[in-house]
Amino acid sequence: MIPEVNKYYLTVPSKFREKLLDWNKQEEYYRADMEHANDPNIFRWSIFLKETGECIGRVSCHERQHEDESITNPSIRGVGWYIDPHYQGKGYATEAATAMIDYMFEEVDISEIITGAAISNPASWMIMEKLGFTRQNKTQMVQYTYLDEPVEDYSYNMTKEQWLNFKDQKNIRRRFYAINTLWWGIWRTK
């Protein structure tokens, strides 16, 4: 219900906007959503702080065909996330998105993620770029549920192979940094 958080998250038809603007009606929507939380094809997770158990956001992976009817392959997915503004900029969304993407490619065995982010929402698309998504040379106009006018989105994609390569490169960099730090530490103490 925080407008600055919700405005770029939902792309359900705007006919549902009025229903979702009222918290009591939105609560019904989410309760109905929760009834399907254990369905094998539903992939939505709340993000909780380990220290306090406070819920600070959500990540989700959905069938892309719900946003683009030309995509009929259910192993092509879209992703989304949001974080309470008090906890943004602390790496929580990146950590949760990384875990979700890894799970979807490794355990669910999806083939590709095609997604987008509003150009005016750099916090979201910067996470996509940090996680190795490829920005396409095209943009598209997207009607978000809570916004009156469509906004321009960057389009991104990532295949399973790209994700695995990204993870390998990240691990190589991490190992190099650890070795380099250890070497520097030894050299400095002599």
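In short, a report on the structure.

About the thresholds
Within any chain, residue numbers begin from 1 and follow the written order of that chain's sequence. Local features in this predicted model are restricted to residues of pLDDT 70 or higher, and side-chain atom pairs are both shown and tallied only at a pLDDT of 80 or more, whereas totals for entire chains, interfaces and linings draw on every residue. Only hydrogens and water are set aside; all other atoms, that is, all heavy atoms of the structure, feed into the side-chain values. Here a helix means four or more residues in a row that DSSP labels H or I, a strand means two or more in a row labelled E, and each is numbered from the N terminus. We call two residues contacting when some pair of their heavy atoms lies within 4.5 Å. Each residue gets one of three labels from its accessible area relative to the maximum for its type: buried under 20%, exposed over 50%, partly exposed in between, using a 1.4 Å probe on protein chains only. Counted as a polar contact is a pair of N or O atoms within 3.5 Å, where, for protein atoms, one must be capable of donating a hydrogen and the other of accepting one, and residues adjacent in sequence contribute only when both atoms are in side chains. A pair of strands counts as paired when DSSP detects no fewer than two bridges linking them. Note on geometry: axes are C-alpha line fits, over the in-contact stretch for helices, and angles between N-to-C directions span 0 to 180 degrees.

### Section: the side chain of S155
Tracing the backbone through its elements, the reader meets S155 in strand β6 (residues 151–159). If sequence neighbours within four positions are ignored, S155 has contacts with T115, G116, T134, R135, Q136, K138 and Q140.

### Observations concerning the environment of Q143
As for its placement among the helices and strands, Q143 is situated in the loop between β5 (134–142) and β6. The class for Q143 is partly exposed, based on a relative accessible area of 30%. Counting along the chain gives 10 residues from Q143 to D153, while the straight-line C-alpha distance between them is 9.8 Å. Polar side-chain contacts of Q143 include one of 2.6 Å to the backbone oxygen of L147.

### As for the environment of F133
Structurally, F133 is set in the loop between α5 (122–130) and β5. Sequence separation between F133 and T115 is 18 residues, and the spatial gap between their C-alpha atoms is 9.3 Å. Apart from the residues within four sequence positions on either side, F133 is in contact with V79, I101, I113, T115, M128, Y156, N157 and M158.

### Considerations on the sheet that holds strand β3 (residues 76–83)
Pairing within the open sheet is mixed, and its six strands lie in the order β1-β2-β3-β4-β6-β5. A strand with exactly one partner marks an edge of an open sheet, and here the two such strands are β1 (43–48) and β5. The average undirected angle you get between the axes of adjacent strands in this sheet is 25°. For β5 and β6, the ladder comprises six bridges, and the chain directions are antiparallel. Looking at β6, one finds that Q140 is bridged to D153. Running at roughly 150° to strand β4 (residues 112–118), α5 makes contact with β3, β4, β5 and β6 of the sheet.

Note that every value here comes from positions in space, so none of it alone points to a role or purpose.
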